[in-house]
Amino acid sequence: MTEAVDAAAAATSQDPRVGLGAVAALRQLVERLEALQVGSARRHGWSWEEIGQALGVSRQAVHKKHGRR
Amino acid sequence: MFERFTPAARQVVVCAQEEARTFGHPWLGTEHLLLGVLADPQAPGVSVLADLGVTMDTGRAALRQLVGRGGLSESEAEALRTLGIDLDEVRRRVEASFGPGALDYPWLSLNVPRQQARRRRPWRRHRCEQADATGHLPFMPRAKRALERAQREALALGDQYVGVEHVLLGLLDPKSNTAVEVLRRLDTDPEVIRTRVLADLGKAA
């Protein structure tokens, strides 16, 4: 694991694998945070319309993604 | 729902419950069902998984990696660190707001809308109400879906029963689920597994 740290530290901006990996990991994290926040908003009684607006996407898009999981 | 399940297939569900409990998860997900399948390496089709390096040990390890860090692996946590994001800190803050394990299974929090809860309840009453008293864990929607898929797989193969092999096929959901994520983490392709399991079953028949 320290090797992984070293590798990441050494290659920070140069190695596309590290950069792309970071983007992929970030996307994973964002997906999870979005699911949490959408669930929370629904519990607070927000409509799909309102959630979509806050996320900057359409009501249909957010419902399709989170409506039935 | 379990009427046509063979004793071995029911045992998969029982083992899955135990695995979930061992992991400290208060629900039963596809990942636990996968481990339940792996607990029966002699079952038809399951040897395919062993051939690909998916065993109880590697399966558990992969799941631990997957859920140990907010569903993100060690290497992903390191990748985030290169961006200056401390996943442990993110996790701390998320759990402070949403409770323990929130980042591991954020989709759990989505199963709340009232009509949906009502729609799901008949199924739980059917099988789990009394079971709840004896300590059965509630099924995640995608675990339930996987078991429904298992029934369809059995039908498609012309089998009158739902066996371990069908549960395995049911878990290989093209829409993805945590079981599929575990398999991917072990460098296997669900499509390939499916093809090989079907070939294996064809050979046996």
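Note that the structure is predicted; figures quoted are calculated from it, not measured.

### Some details on the overall build of chain A
Thinking step 1. When its secondary structure is counted, chain A shows four helices and zero strands.
Thinking step 2. Mapped in sequence order, the helices and strands of chain A form the string α-α-α-α.
Thinking step 3. Carbon and sulfur atoms make up 56% of the accessible area of chain A, which amounts to about 4500 Å² in all.

### Observations concerning the packing of aromatic side chains
Thinking step 1. Enumeration according to the criterion identifies two aromatic pairs over all chains in this entry.
Thinking step 2. Aromatic ring contacts, followed pair by pair, group Phe 2, Phe 5 and Phe 139 of chain B into a single cluster.

### Some thoughts on the packing of helix H1 (residues 7–22) of chain B against helix H2 (residues 30–38) of chain B
All names here are of chain B.
Thinking step 1. Contact geometry for H1 and H2: axes closest at 7 Å, N-to-C directions at 120°. In terms of axis orientation, H1 runs oblique to H2. Remark: the crossing between H1 and H2 carries right-handed chirality. Two secondary-structure elements touch here, H1 through Val 12, Val 13, Cys 15, Ala 16, Glu 19 and Ala 20 and H2 through His 32, Leu 33, Leu 35, Gly 36 and Val 37.
Thinking step 2. The class makeup of the residues in the contact of H1 with H2 is eight nonpolar, two polar and one charged.

### Some words on the side chain of His 32 of chain B
Thinking step 1. With respect to the helices and strands, His 32 of chain B occurs in helix H2.
Thinking step 2. Not counting the four nearest positions on each side in its chain, His 32 of chain B is found in contact with Ala 16, Glu 19, Ala 20, His 25, Trp 27, Leu 63 and Tyr 105 of chain B.

### Some details on the packing of helix H2 (residues 16–43) of chain A against helix H3 (residues 48–55) of chain A
All names here are of chain A.
Thinking step 1. For the pair H2 and H3, interaxial distance at closest approach is 10 Å and the crossing angle is 140°. Once H2 is placed against H3, the crossing between them reads as right-handed. Here Glu 34, Val 38, Ala 41 and Arg 42 of H2 come into contact with H3, specifically with Trp 48, Ile 51 and Leu 55.
Thinking step 2. Partitioning the contact of H2 with H3 into residue classes produces five nonpolar, no polar and two charged.

### Topic: the pattern of salt bridges
Thinking step 1. Within this structure, the stated rule accounts for 14 salt bridges over all chains.
Thinking step 2. The salt bridge partner of Lys 65 of chain A is Glu 34 of chain A, with a shortest N-O separation of 3.1 Å. Here Lys 65 of chain A is found in helix H4 (residues 59–66), whereas its partner Glu 34 of chain A is found in helix H2, with 31 residues between them in sequence.
Thinking step 3. The exposure class of Lys 65 of chain A is partly exposed, given its relative accessible area of 31%.
Thinking step 4. For Glu 34 of chain A, a relative accessible area of 18% corresponds to the buried category.
Thinking step 5. Put simply, Glu 19 of chain B and Arg 60 of chain B hold a salt bridge, and the shortest N to O gap is 2.7 Å. Within this pair, whereas Glu 19 of chain B is found in helix H1, its partner Arg 60 of chain B is found in helix H4 (residues 56–68), the two being separated by 41 residues in sequence.
Thinking step 6. Taking relative accessible area as the criterion, Glu 19 of chain B reaches 7% and is therefore assigned buried.
Thinking step 7. One salt-bridge network, in which partners are shared between bridges, spans Arg 145, Arg 149, Glu 153, Asp 173 and Arg 194 of chain B.

### Some points on the confidence of the model for chain A
Thinking step 1. Per-residue confidence for chain A averages 81 on the pLDDT scale, and 77% of its residues sit at or above 70.
Thinking step 2. No element of chain A has a lower mean pLDDT than helix H1 (residues 2–11) of chain A, which averages 48, and none a higher one than H3 of chain A, which averages 95.

### Quick notes on the nonpolar core
Thinking step 1. Val 37, Leu 49 and Val 167 of chain B are the most contacted members of the largest nonpolar core, which totals 47 residues.
Thinking step 2. For this core, the elements supplying multiple residues, two or more each, are H1, H2, helix H3 (47–51), H4, helix H9 (141–156), helix H10 (164–171), helix H11 (178–185) and helix H12 (190–204) of chain B.
Thinking step 3. The residues touching Val 37 of chain B, leaving out its near neighbours within four places in the chain, are Val 12, Val 46, Leu 49, Val 164, Val 167, Leu 168 and Leu 171 of chain B.
Thinking step 4. With 13 residues, the next largest nonpolar core counts Ala 22 and Leu 36 of chain A together with Ala 102 and Leu 103 of chain B among its residues.

### Here's the deal with helix H6 (residues 87–98) of chain B
Residue and element names in this part refer to chain B.
Thinking step 1. For H6, built from 12 residues, the straight-helix expectation of 16 Å at 1.5 Å per residue is met to within 8% by its first-to-last C-alpha distance of 16 Å.
Thinking step 2. Every buried residue belonging to H6 is among Leu 87, Val 90, Arg 91 and Val 94, and all of these are buried. Looking down the long axis of H6, one finds its buried residues gathered within 100° of arc, a one-sided arrangement. Pointing more than 90 degrees away from the buried face of H6 are the exposed residues Arg 93 and Ala 96.
Thinking step 3. With a side-chain oxygen lying 3.0 Å from the backbone nitrogen of Asp 88, the N-terminal cap of H6 falls on Asp 86.

The rules behind each value
- Residues numbered from 1 in each chain as written.
- Chains lettered and ligands numbered in written order.
- Predicted model: local features only at pLDDT ≥ 70, side-chain atom pairs only at ≥ 80, totals over all residues.
- Heavy atoms only, no water.
- Helix = DSSP H or I, 4+ residues; strand = E, 2+ residues; numbered from the N terminus.
- Areas by Shrake-Rupley, 256 points an atom, 1.4 Å probe, with all protein chains shown as cover.
- Phe/Tyr/Trp six-rings, centres within 6.5 Å; stacked < 30°, edge-to-face > 60°.
- Axes fitted to C-alpha atoms, helices over the stretch in contact; angles between N-to-C directions.
- Parallel < 35°, antiparallel > 145°, perpendicular 65-115°, else oblique.
- Left-handed = near helix turned anticlockwise from the far one by under 90°.
- Contact = heavy atoms within 4.5 Å.
- Nonpolar A, V, L, I, M, F, W, Y, C, P; charged D, E, K, R; others polar.
- Salt bridge = Lys/Arg side-chain N within 4 Å of Asp/Glu carboxyl O.
- Buried < 20%, exposed > 50% of the residue type's maximum accessible area, 1.4 Å probe, protein only.
- pLDDT = per-residue confidence, 0-100.
- Core = buried A, V, L, I, M, F, W, Y, C linked by side-chain atoms within 4.5 Å.
- Expected span 1.5 Å × (residues − 1).
- Arc of directions from axis to C-beta.
- Polar contact = N/O pair within 3.5 Å; in protein donor to acceptor, adjacent residues only side chain to side chain.

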